[in-house]
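# Architecture at a glance
Each chain is listed here by its residues.
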Amino acid sequence: MTSSKTIVLRSSDGATFEVDEAVALHSLMIKHRIETGGADSTTIDVPEVTGNTLSKVIEYCKKHVEAPNSDDLKSFDTDFVKVDQAVLCHLAKASYYMNIKGLLDLSSKTIADMFKGKTVEQIRETFHIKNDFTPEEEEELRKENSWNLFV
Amino acid sequence: MENNYRLGLVRRTSSFGRKRVFILNEFDIDVDAISPTKKRSIGNSSGSERSLLEALPQDIIIKVLCGVEHDDLKSLFHVSNPIREATIIAKKQHFAYSTPKKVPAFLCSVDQVGLDDDDEIEAPNAPKQSRVARSRLDKKKLAGLSVALFADNEE
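Structural notes, computed from the coordinates. (Residues numbered from 1 in each chain as written. Chains lettered and ligands numbered in written order. Predicted model: local features only at pLDDT ≥ 70, side-chain atom pairs only at ≥ 80, totals over all residues. Heavy atoms only, no water.)

## Notes on the overall build of chain A
Scanning chain A from terminus to terminus reveals 9 helices and 3 strands. Listing each helix as α and each strand as β along chain A from the N terminus yields β-β-α-α-β-α-α-α-α-α-α-α. Burial status across chain A gives 42% buried among its 151 residues. By sequence separation, contacts in chain A at least 24 residues apart represent 54% of the contacts at least 6 residues apart. For chain A, the computed accessible surface area is about 8,000 Å², with 50% contributed by carbon and sulfur atoms. (Helix = DSSP H or I, 4+ residues; strand = E, 2+ residues; numbered from the N terminus. Buried < 20%, exposed > 50% of the residue type's maximum accessible area, 1.4 Å probe, protein only. Contact = heavy atoms within 4.5 Å. Areas by Shrake-Rupley, 256 points an atom, 1.4 Å probe, with all protein chains shown as cover.)

## Considerations on the sheet that holds strand 1 (residues 6-11) of chain A
Residue and element names in this part refer to chain A. Read across the open sheet, the 3 strands follow the order 2-1-3; overall the sheet is mixed. Every other strand in the sheet has two partners, leaving strand 2 (16-20) and strand 3 (43-46) as the edge strands with one partner each. Each strand axis lies, on average, 30° off the axis of its neighbour in the sheet, ignoring direction. Two strands pair when backbone bridges link them, and strand 1 and strand 3 are joined in this way by 4 bridges, in the parallel orientation. If you follow Ser 11 over to strand 3, its bridge partner there is Val 46. The strands touched by helix 2 (residues 28-37) within the sheet are strand 1 and strand 3, with strand 3 carrying the most contacts at an inclination of about 135°. Contacting strand 1 and strand 2, helix 3 (residues 51-66) runs over the sheet at an angle of about 5° to strand 2. (Pairing = 2+ DSSP bridges. Axes fitted to C-alpha atoms, helices over the stretch in contact; angles between N-to-C directions.)

## Here's the deal with the pattern of salt bridges
The full count for this structure, using the stated rule, is 12 salt bridges over all chains. Note that Lys109(A) is salt-bridged to Asp113(A), the shortest N-O span being 2.8 Å. On the criterion of helical spacing, the pair formed by Lys109(A) and Asp113(A) is a turn pair, its members being 4 residues apart in helix 6 (residues 101-114). Under the relative-accessibility criterion, Lys109(A) is labelled partly exposed at 40%. On the accessibility criterion, Asp113(A) (33% relative accessible area) is partly exposed. Within this structure, Lys101(A), Asp105(A) and Lys63(B) form a network of salt bridges that share partners. (Salt bridge = Lys/Arg side-chain N within 4 Å of Asp/Glu carboxyl O.)

## Structural notes on the pairing of strand 1 of chain A
Residues and elements named next belong to chain A. Every second residue of strand 1 is oriented toward a common face, the buried set being Ile 7, Leu 9 and Ser 11 and the non-buried set Thr 6, Val 8 and Arg 10. Bridge analysis of strand 1 against strand 2 gives 5 bridges, and the strand direction is antiparallel. Within strand 2, the position partnered with Arg 10 by the bridge is Thr 16. The hairpin formed by strand 1 and strand 2 contains 4 residues between the paired strands, and Gly 14 there has a positive phi angle of roughly 85°.

## Here's the deal with the environment of Ile88(B)
Residues and elements named next belong to chain B. Relative to the elements of secondary structure, Ile 88 occurs in helix 4 (residues 81-97). Ile 88 gets classed as buried once you look at its relative accessible area, which sits at 4%. Placed 23 residues apart in sequence, Ile 88 and Leu 65 show a C-alpha to C-alpha distance of 9.5 Å.

## With respect to the packing of aromatic side chains
Note on aromatic pairs: each is described by the distance of the centres and the angle between the planes. What the rule picks out here adds up to 4 aromatic pairs over all chains. Measuring from ring centre to ring centre gives 5.3 Å for Tyr96(A) and Tyr97(A), while their planes differ by 75°; the resulting arrangement is edge-to-face. Overall, the relative accessible area of 34% leaves Tyr97(A) in the partly exposed class. Here the guanidinium or amino end of Lys56(A) rests over the ring plane of Phe80(A), the centre of that ring lying 4.2 Å away. Directly above the aromatic system of Phe77(B) lies the positively charged group of Arg84(B), at a separation of 5.9 Å from the ring centroid. (Phe/Tyr/Trp six-rings, centres within 6.5 Å; stacked < 30°, edge-to-face > 60°. Lys NZ or Arg CZ within 6 Å of the ring centre and 35° of its normal.)

## Remarks on the side chain of Ser11(A)
All names here are of chain A. Inspection of the secondary structure assignment puts Ser 11 in strand 1. We classify Ser 11 as buried; its relative accessible area is 5%. Of the polar contacts made by the side chain of Ser 11, one reaches the backbone nitrogen of Gly 51; its length is 3.3 Å. Discounting chain neighbours no more than four positions away, the residues touching Ser 11 are Val 46, Val 49, Thr 50, Gly 51 and Leu 54. (Polar contact = N/O pair within 3.5 Å; in protein donor to acceptor, adjacent residues only side chain to side chain.)

## Notes on the environment of Leu9(A)
All names here are of chain A. Along the chain, the position of Leu 9 falls in strand 1. Here the alpha-carbon distance between Leu 9 and Ile 58, two residues 49 residues apart in the chain, equals 9.4 Å. If sequence neighbours within four positions are ignored, Leu 9 has contacts with Ala 15, Thr 16, Phe 17, Val 19, Ile 30, Ile 44, Leu 54 and Ile 58.

## Digging into the packing of helix 3 of chain A against helix 4 (residues 73-80) of chain A
Residue and element names in this part refer to chain A. Closest axis-to-axis distance for the helix 3/helix 4 pair is 11 Å, and the angle between their directions is 170°. It follows that helix 3 is roughly antiparallel to helix 4 by the angle criterion. Facing helix 3, whose interface residues are Lys 56, Glu 59, Tyr 60, Lys 63 and His 64, helix 4 presents Leu 73, Phe 76, Asp 77 and Phe 80. Tallied by class, the residues present in the contact of helix 3 with helix 4 amount to 4 nonpolar, 1 polar and 4 charged. (Parallel < 35°, antiparallel > 145°, perpendicular 65-115°, else oblique. Nonpolar A, V, L, I, M, F, W, Y, C, P; charged D, E, K, R; others polar.)

Now the structure itself:
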């Protein structure tokens, strides 16, 4: 895969990104599309991902494909996910659909770390989650036993 | 304002307070019709920003939760219905494949007794069962298994 062939990726909102094929192949979804799509697969639609997110995904893939052994890869990853929860969720979703394991692991773990030590209310606030339990359900849930019921 | 929810079937051994579990789709359900301004439309900005986390495919939420420590899982259990659902599944997956770092909440007194019994009568060449697998087994089944093993060894 040393050709200088480029692939165009098109996001849900019509933004297009020209990337080296090697970079695009970091997404197993795209790899599959290319392999099964024949010679005409130079433009690939990624309808599950918006342009903003796709741009970031490509940035991740570029770094990991072009400099996989670099010393600063770890710090790149750390800085890469210093974004708000909304962007993280978009990244997780994009990496899921595009089948980019490294990015999915990274974004998932980062979200998981955001829960650390937070109270229920703090979690709701950070992620803008609405409490959809009825007062009755909340009361039941508060009982210590309810947690153990699902073991 | 129509309610936009569906009943989902979930595999579980016990039902929670004999209540049906509502699996939310990506829209809020206004069961209590709390506020007329809180519509299902994503475009509505007067309500809270849509929870992107809950709108993620459940596979992702579960994957996220598998990376969460036990204490935080307990908090997540109380956050909302969709998160609770995913927490339950994640917990089952998590404990099926790995030994939890913090276990006390999951071993009730019955399990503790079961574990002790096993240690006492464990056959010398019996493969070691993981603590997790053991704790999930019914005490009676375990006793039955152990008896069968011994019957083979003694013969």
